[in-house]
Amino acid sequence: MSPRSRPRRRNPGLVLGLALLGGIVLVAALAPILFTERAAVLGPRFAAPSSGHWLGTDAAGHDVLLRSLVATRLTLLMTVGATAMSVVFGVVLGTGVWLVRPRVREVCLRVIDAMVAFPGLLLALVVAAVLGAGGSSAVIAIGLSGIPYFARLTANLAAKVSQQEYVSTAGLLGVSRTRIAIRHMLPNMAEPLLVLTASTFAATLTAISALSFVGLGVQSPSYDWGKLLNEALPSLLADRPFQMVGPAFLIVLTGLGAVLIGDGLAAAANPRGHTAPGRSATPPAAQEATGEQLADVRDLWIHAGDTPLVKGISFGIGPGEIVGIVGESGSGKTLTAMSLARLLPDGLTSMASRMAFGDLDLRRPVPPALMAEAVSLIYQDPGSTFNPALRMGTQLTEVLRTHKRLGRREAARRILDALRVVHLTRPEQRMKQHPHELSGGMRQRAMIAAALSVEPRLIIADEPTTALDVTVQAEILRELKRVNREFGASIMFISHDIGVVRALCDRVLVMYRGEIVEEIAAAELTVETARHPYTRALLEATPDIDASWTPPRTKEHSHG
Ligand SMILES: Nc1ncnc2c1ncn2[C@@H]1O[C@H](COP(=O)(O)OP(=O)(O)OP(=O)(O)O)[C@@H](O)[C@H]1O
C-alpha cells in the first residue's frame with residue numbers, strides 16, 4: 001500500500017493572516033531603526049493630514065504616522081511576552097493537573113474553572129493597579145489573566161489524550177508520567193493549543209492597548225499603540241479624529257491577522273479517520289493447553305464507586321495457553337483484562353482474594369519493568385495505539401530502550417527482527433514513517449511486533465482484528481497463533497467473533513453482566529455442547545462459521 005498522506009487544502013485565510021502578521025513584524029523590525037529620530041522631530045501642533053504629515057501631527061507636533069509605525073515594535077513585544085506567559089504557565093499548569101492524584105486534580109480543576117469565570121480584564125486591572133503603572137506590569141497583568149484559559153484547555157485535552165491507548169501502553173511500560181506528558185501528550189494537543197494561542201494573541205493585543213489607553217500601561221517617554229490612542233483622546237473630543245487613525249488601524253490589522261491565522265489553523269485541523277470494521281475469518285485449529293497456571297485470579301471484583309462491574313470472577317491461564325473471553329458488550333471483558341495488566345481506568349477499584357502472575361502478586365505494587373516483561377497489550381484500533389506525532393521507529397523502540405536498557409541501535413535491530421517476524425514489508429522504511437502512513441494491517445502487525453519484542457509471557461489481545469478487513473484479520477490471527485506456538489507466549493483473546501474464538505483459543509470464558517457464566521473448551525463452543533443458556537443464546541445469535549477453514553496464504557503487501 002502506498003503511503004497515505006493528508007491532501008493539502010487551500011487555506012486563503014491562513015495565508016492572508018500570515019501575510020498580514022508578516023508585514024507587521026517587518027514594520028516592527030525596521031520602523032524603529034528608520035524613523036525613531038524623525039518621529040521625535042517637533043513640527044506644527046495638531047496639523048491636519050497633508051503630504052508632509054500623512055496622518056497629521058499630535059499635541060506636541062510629532063508626526064502621527066511615524067510614531068504609530070515606531071510604536072509597533074514595543075506593542076508587539078509586549079503582546080508576544082504576555083501571550084507567551086499565558087501559554088507557558090497555562091500549559092504547565094494544565095499538564096501538571098493531569099500528573100497529580102485524582103482528588104487533588106479535581107480540586108485544581110474547580111479552581112481553574114473559577115478563575116476562567118472571573119473577567120480577565122478586571123483581573124488584569126487589579127494586578128496592574130497593585131504592581132503600579134508601567135509596560136512590564138501590563139505584560140504581567142495580561143499574561144496572568146490568560147493563564148486559566150490555557151490551563152483549562154490543556155487539562156481538558158490531557159484528560160482526553162490520556163485515554164488513548166498509546167498513553168496507557170507507555171504507562172504500562174513504566175515510562176514516567178512527566179515523560180508521557182512531554183513526549184506523548186503535548187505533541188497531540190498542539191493543534192488546539194495553537195488555535196487558542198492565535199486568538200489569545202489578538203485578545204492580548206487589545207487588552208495591553210486598553211491598559212496603556214487608561215494610563216496603566218506604557219509610560220512616557222516610551223509609547224505603544226495604546227499610549228498613542230490615549231494621547232489622541234483630547235483630539236478626538238475636539239473633532240480631530242485623524243490622530244486616532246494610525247494606532248487604531250494597526251491594532252485592527254494585527255488583531256485581524258492573528259484571528260485569521262487562528263481560524264486557518266482550526267480549519268486545517270483534521271481529525272484522524274478510522275478504518276471501517278469488518279467481519280473476521282477463522283485461523284488454524286487450536287493447540288493443547290498445559291495444566292500449570294501462569295495467571296491465577298480468584299474472586300476478582302471491580303467497582304465504580306458502589307456499583308460492581310465485575311462480580312467475583314475466578315479464572316486461570318496456563319503457560320502457552322490461549323484463553324478466549326466472549327460475552328455481550330459491557331459484560332466486563334476489557335475490565336477483566338485491564339485489571340490483569342494493572343491498567344484499570346481512574347475511578348475504578350479492584351479487589352481479589354488472589355491475583356498472581358507467575359511469582360508476582362498483582363494486588364501489590366509491581367515494578368513497571370517487571371510488568372512490561374510479563375504482559376503486552378494489543379488493542380482493537382491500531383489507529384489510536386500509536387502516537388500520531390512520532391515516527392514508528394521511535395515509539396516501537398521505546399519499550400526496549402526503557403526496560404531492556406538497550407541502546408538506540410540494538411533496540412532498532414531487535415524491532416526490525418520482530419517486524420520481519422510479523423511479515424511487515426520494508427521494515428526499515430516503516431520505522432521512518434509516521435503511523436498514518438501505514439495501513440491498519442501494517443500498524444496492527446507493528447503493534448504485535450512491539451508486543452513480541454519484549455518477549456512477554458502473556459499477550460492480552462482486546463479485539464485485535466475488529467477494525468481490520470477480512471484478509472488482514474486472517475493474517476494477523478495466524479501471526480498470533482504462530483507467536484503462541486513458536487515463542488510459547490500465553491494469549492488472552494477478547495472477541496465478539498465466536499468463530500474466531502473457537503478456532504484460535506484453547507479454552508473460553510463466557511462473561512455475562514460481570515460474571516463468568518461458563519468456562520468451556522473452545523472445541524465445545526457449539527449450541528449442542530454449551531451448558532449455560534446465555535452461552536447457547538450467544539451462539540444462536542452468531543452466524544455459523546466453518547471453524548476448519550484456513551485463511552489463504554496471502555502476502556502482507558498484497559492487501560496492506
Ligand atoms: N472507567 C469506567 N467507569 C465506569 N464504568 C466503566 C468504566 N469502564 C467500563 N465501565 C463499565 O463497566 C462495564 C464493563 O465494561 P467493559 O469495557 O469491560 O465491557 P466489555 O465486555 O469489554 O464491552 P465491549 O465488548 O463493548 O468492549 C460496562 O458496563 C462499562 O460501561
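Below you will find a few notes about this structure.

### Digging into the overall build of the protein
Within the protein, the regular secondary structure consists of 20 helices and 11 strands. The buried share among the 560 residues of the protein stands at 48%. Partitioning the intrachain contacts of the protein with sequence separation of at least 6 by distance along the chain shows that 73% fall at a separation of at least 24.

### Notes on the site of the ligand
The environment of the ligand is formed by 13 residues, the closest being Ser329, Lys333, Thr334, Leu335 and Pro345. If one sorts the elements of the shell around the ligand by residue count, helix α11 (residues 333-340) sits on top with 3 residues. Partitioned by chemical class, the residues of the shell around the ligand number 5 nonpolar, 7 polar and 1 charged.

### With respect to the nonpolar core
Nonpolar side chains in soluble globular proteins generally cluster together in the buried interior. The biggest cluster of nonpolar side chains holds 149 residues, and the ones touching the most others in it are Ala446, Ala449, Ile460, Met492, Phe493 and Val501. Domain assignment of the residues forming this core places at least three in each of domain 1 (12-268) and domain 2 (295-558). Those residues in contact with Val501, other than ones at most four positions away along the chain, are Gly324, Val326, Phe493, Ser495, Val508, Ala522 and Leu525.

### Considering the pairing of strand β8 (residues 458-462)
Burial analysis of β8 places 5 of its 5 residues in the buried class, the great majority of the element. Along β8, one buried face is formed by Leu458, Ile460 and Asp462 and the opposite face, lined by Ile459 and Ala461, is buried too. Where strand β7 (residues 375-378) and β8 come together, 4 bridges link them in parallel fashion. Paired with Val375 across the bridge in β8 is Leu458. Summarising the sheet, β8 and strand β9 (residues 490-494) pair through 5 bridges and their orientation is parallel. Following the sheet pairing, Ala461 is matched in β9 by Phe493.

### Topic: helix α1 (residues 12-40)
It helps to recall that an α-helix has 3.6 residues per turn; residues three or four apart then point in one direction. Over its 29 residues, α1 extends 39 Å from the first C-alpha to the last, a length consistent with the 42 Å expected when each residue adds 1.5 Å. Along α1, the sharpest change in direction is near 50 degrees and occurs at Ala31; proline Pro32 comes one to four residues later. Of all the positions in α1, only Gly17, Leu21, Val27, Ala28 and Ala39 are classed as buried.

### Quick look at the sheet that holds β8
The 6 strands are arranged β7-β8-β9-β3-β10-β11 in an open sheet whose pairing can be described as mixed. Each end of this open sheet is capped by a strand with a single partner; those strands are β7 and β11 (515-521). The sheet shows a mean angle of 20 degrees between the axes of neighbouring strands, taken without regard to direction.

### Side note on the packing of helix α2 (residues 64-99) against helix α8 (residues 190-213)
For any two helices packed against each other, one specifies the crossing angle of their axes together with the interaxial distance. Packing of α2 against α8 leaves a shortest axis separation of 9 Å and a crossing angle of 135 degrees. Between α2 and α8, the interaxial angle falls into the category oblique. For α2 against α8, the interelement crossing comes out right-handed. Contacts between α2 and α8 pair Met78, Thr79, Ala82, Thr83, Ser86, Val87 and Val91 from the former with Leu193, Thr197, Thr200, Phe201, Thr204, Leu205 and Ile208 from the latter. In terms of residue class, the contact of α2 with α8 is built from 8 nonpolar, 6 polar and no charged.

### Some details on helix α7 (residues 177-185)
Three or more residues of α7 are buried, namely Ile180, Ala181, His184 and Met185. Buried residues along α7 cover an arc of 115 degrees about the axis, so they all sit on one side. Exposed residues on α7 whose side chains face more than 90 degrees from its buried face are Thr178 and Ile182.

### Some details on unusual backbone geometry
Trans is the prevailing form of peptide bonds, just as negative phi is the prevailing case for residues other than glycine. Backbone torsion omega between Ser220 and Pro221 reads 10 degrees, so that peptide bond is classified as cis. For Phe46, which is not glycine, the phi torsion reads 50 degrees and is therefore positive. Of note, Phe46 is situated in the loop between α1 and α2. The phi torsion at Arg342 lies on the positive side, around 55 degrees, for a residue other than glycine. Classification of Arg342 by C-beta neighbours within 10 Å gives buried; the count is 20.

### Overview of the packing of α8 against helix α9 (residues 225-237)
Following both chains from N to C, one finds α8 and α9 inclined at 40 degrees, their axes separated by 7 Å at the closest point. On the basis of the axis angle, α8 is oblique to α9. Of the two elements, α8 crosses α9, and the hand of that crossing is right-handed. Every residue of α9 that contacts α8 at Ile208, Ser209, Ala210, Leu211, Ser212 and Phe213 is listed here: Trp225, Gly226, Lys227, Leu229 and Asn230. Of the residues belonging to the contact of α8 with α9, the class tally is 6 nonpolar, 4 polar and 1 charged.

Rules used throughout
- Residues numbered from 1 in each chain as written.
- Predicted model: local features only at pLDDT ≥ 70, side-chain atom pairs only at ≥ 80, totals over all residues.
- Helix = DSSP H or I, 4+ residues; strand = E, 2+ residues; numbered from the N terminus.
- Buried ≥ 20, exposed ≤ 12 C-beta atoms within 10 Å, placed from the backbone.
- Contact = placed C-beta atoms within 7 Å.
- Near = placed C-beta within 6 Å.
- Nonpolar A, V, L, I, M, F, W, Y, C, P; charged D, E, K, R; others polar.
- Core = buried A, V, L, I, M, F, W, Y, C linked by C-beta atoms within 7 Å.
- Domains from an automatic or database assignment.
- Pairing = 2+ DSSP bridges.
- Expected span 1.5 Å × (residues − 1).
- Bend = angle between axes of the 7 residues up to and from the residue.
- Axes fitted to C-alpha atoms, helices over the stretch in contact; angles between N-to-C directions.
- Parallel < 35°, antiparallel > 145°, perpendicular 65-115°, else oblique.
- Left-handed = near helix turned anticlockwise from the far one by under 90°.
- Arc of directions from axis to C-beta.

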